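Geometric and topological summary
The chain contents come next:
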Amino acid sequence: MLCATDIHKGFDGLGVLRGIDLNVEKGEVVALIGPSGSGKSTLLRCLNQLETVDSGTIVLDDITLCRTRGGKLTYADPATLRRITLKMGMVFQSYNLFPHMSVMQNLTDAPMRVRRLPRAQATERARELLAKVGLSDKADQYPYQLSGGQQQRVAIARALCMDPEILCFDEPTSALDPELTQEVLGVMRELARERMTMLVVTHEMGFARDVADRVVFMEDGLIVEEGPPEQIFHSDNPRTRQFVGGN
Amino acid sequence: MTIKFFNDPERLWKLFTLMLDGAGVTLSIFFLTLVFSVPLGMLVAQGRMSRRRLVRTPLSFYIYIMRSTPLMLQIMFIYFLLPQVLPFRVDRFWAVIFAFVINYAAYFAEIFRSGIQSIPAGQYEAAKVLGYTGGQTFLHIILPQVVKRVLLPVANEVITLIKDTALASTVAVVDLMTVAKKQVSSSSSIEPYVVAIVLYLVLNGAAEQLCKLAERKMSYYR
Ligand SMILES: Nc1ncnc2c1ncn2[C@@H]1O[C@H](COP(=O)(O)OP(=O)(O)OP(=O)(O)O)[C@@H](O)[C@H]1O
Ligand SMILES: [Mg+2]
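Now for a quick tour of the structure. (Residues numbered from 1 in each chain as written. Chains lettered and ligands numbered in written order. Predicted model: local features only at pLDDT ≥ 70, side-chain atom pairs only at ≥ 80, totals over all residues. Heavy atoms only, no water.)

Attention now moves to the pattern of salt bridges. All names here are of chain A. Across all of its chains, the model carries 17 salt bridges over all chains by this definition. Between K132 and E194 there is a salt bridge; the shortest N-O distance is 2.7 Å. You can see K132 sitting in helix 4 (residues 119-132) and its partner E194 sitting in the loop between helix 6 (178-193) and strand 9 (197-201), a full 62 residues away along the chain. Classification of K132 as partly exposed rests on a relative accessible area of 35%. When the shortest N-O distance is used, the salt bridge between R239 and E219 registers 2.1 Å. With R239 in helix 9 (residues 238-245) and E219 in strand 10 (residues 214-219), this pair connects stretches of sequence that are 20 residues apart. Here the salt bridges share partners, and the residues they tie into one network are R115, R125, E128 and D163. (Salt bridge = Lys/Arg side-chain N within 4 Å of Asp/Glu carboxyl O. Helix = DSSP H or I, 4+ residues; strand = E, 2+ residues; numbered from the N terminus. Buried < 20%, exposed > 50% of the residue type's maximum accessible area, 1.4 Å probe, protein only.)

What follows is the structure, encoded as C-alpha cells:
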C-alpha cells in the first residue's frame, strides 16, 4: 500500500535519512523505533509531505508521490499531491489541535471545508468517532479544557474524520504521563484490532511488542533490522539488542 | 481665567455644536484610517514575510520611514507633495487620510507580522496534513488566532490614533482640535480647550469599552 524506496534526506548537508526502504501493507500496523535523532520523525514528515525528500521514490496506493530516476527527482503535480494528502492521516506528538475551535469544530471543519461533506454528515461521523475515543461528552469543550490524553484522543479522531487509508503517529504519547499514555494506547489498540493501517513512531516498547505486526528499528538514518516483534525483541543483531534491551 | 462660555448657556451651546462638528470630522479621520490601514497593514505584513527579497526589502524600508519620522512631518509633506505629483486636485481632508493610512498601516503591519509569526508551526502542519489549502489555512486556522493575539497592541494603536487625529489641524482640516484652537483665539478664553478635552475623553472612553468588549468576545478559548 505505502511503498518508500531508497529515501535520502539531509539538512544542511547532514544526511538524516540515508537510503530507507519501507513498505506498509494494507491493514498492517508497523512500529518504527530507534534512538533519538535516528531520523524517525523526518521519515514520517517526508511521507506526509511536510518535508521534501532529496531523492527516492514514494508510492501510495499505486499513486506516485515522488520518483527518482537516473538521479533525477520529480514530485507529482499539485492535484496528485493533494489526493495523496487526503489518503494519509497524521497524529503529532504535540496534538496540534486548533485552539479556537471546539472539539466538534476540530472534527468537522476539515471534512466540511476540504472534503465538502454536508454538515449533518460530518457531525454524525464526528459523533461516532468521539464515541470511539471515549469523549462523547466533550464535543462542546475547547482544547484547553482537556487533559493531554484527551487532546491526543481528539487529535486521533480528527485524523480519522478524514477517512485516511493510513494513519501515521509521531510519538503520540511521549508528552503524556503513564496513565494518560494508556488511554491513548488503548484507542490505538482498538484501531489496530479494526485493521486500520498504521505507521507508528514510538518509544513504547510494550505497544510495539503487543500491537505491531512488524517492528522497524532505525539508527543513523538507516533501517538496521525489521521483522515481527518476536524477532526484533529477541534479535541476534547486537545494535538492536542493545536498543530494545535498554528500553 | 476669564469665563465667557460657561456662564452663558446660549453661547456655550453654540460652542458645543461647533465642537461637535469638529468631533465628527475627527471621527471620520479615525474610522477612515482604520478601515483602510488595517487591511493594508495585513497586506504589508504578508509582503514583509515574503520569501522574495524584492518584495521584502522595499517594505521594510517603508516601515522604517513611517516609524522613524514624525507623523506631523509626514502629513505636511504629503499635503504639499500630492498636488505636485497628481494631475487632479486632492481635497486636504483626503490628503490627511492618505497620510494617516500609510502611517498606521506600517505600525499595524509590524503588529500583525509578530502576531502571525507567534503561531506555532504545528498549526500549519496540522492544517496541511488535513488537506487545507494555503488560503484556507490562513483564513480559518491562523487568522482567528492572530486576531486574539494582536487585540491588545491594536487597541493601543486605536487609542493613540484618536489623539493623533489632532495633527490634521496642522494642515487646517477642520477637526475637533482646529475648532478648539480657533475658538480659543477668537474668544481669548481657554474654555474651548476644556470642551475639547472632555470630547476626546468621551471618544477614547468609548473606544476603550469597544476594545474591552472585543477582548471578552475572544476569551472563549486560551
Ligand atoms: N528542520 C530541520 N533542520 C535541521 N535539522 C533537522 C531538522 N529536522 C530534523 N533535523 C535533524 O535530523 C536528525 C533526525 O531528526 P528526527 O527528528 O527525524 O529524529 P527522531 O528519530 O525523530 O528523534 P526523536 O526520537 O528525538 O524524535 C536530528 O539530528 C535533527 O537534529
Ligand atoms: Mg521524532
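Let us look at the sheet that holds strand 10 of chain A. All names here are of chain A. One open sheet holds the six strands; their spatial order is 7-8-9-3-10-11, and the pairing between them is mixed. The sheet terminates laterally at strand 7 (88-91) and strand 11 (222-227), the two strands that pair on one side only. Adjacent strand axes in the sheet meet at a mean angle of 20° when their direction is disregarded. When strand 10 meets strand 11, the two strands line up antiparallel, connected through five bridges. (Pairing = 2+ DSSP bridges. Axes fitted to C-alpha atoms, helices over the stretch in contact; angles between N-to-C directions.)

Here we come to the site of ligand 1. Residue and element names in this part refer to chain A. Taken together, F11, V16, P35, S36, G37, S38, G39, K40, S41, T42, E171 and H203 make up the full set of residues adjacent to ligand 1. Contact distances for ligand 1 include 2.8 Å between an oxygen atom and a side-chain N or O atom of K40. Surface burial for ligand 1 is 59%, taken as the share of its 640 Å² of free accessible area covered by protein chains. If you tally residues by element for the shell around ligand 1, the top one is helix 1 (residues 40-47), at three residues. (Near = heavy atom within 4 Å. Polar contact = N/O pair within 3.5 Å; in protein donor to acceptor, adjacent residues only side chain to side chain. Areas by Shrake-Rupley, 256 points an atom, 1.4 Å probe, with all protein chains shown as cover.)

The subject of this paragraph is the interface of chain B and chain A. Contacts between the two partners involve 19 residues from chain B, matched on the other side by 24 residues from chain A. Here chain B and chain A share an interface that buries about 2100 Å² over both sides, 60% of which is from carbon and sulfur atoms. Our enumeration of links across chain B and chain A arrives at one salt bridge. Note that R45(A) and E125(B) form a salt bridge whose closest N and O atoms lie 2.9 Å from each other. When contributions to the side of chain B that touches chain A are tallied by element, the ones reaching two or more residues are helix 5 (121-130) and helix 6 (134-164) of chain B. Take the side of chain B that touches chain A: its biggest share by element is eight residues, from helix 5 of chain B. Across the side of chain B that touches chain A, the residue classes tally to nine nonpolar, seven polar and three charged. (Contact = heavy atoms within 4.5 Å. Buried area = accessible area lost by both parts, 1.4 Å probe. Nonpolar A, V, L, I, M, F, W, Y, C, P; charged D, E, K, R; others polar.)

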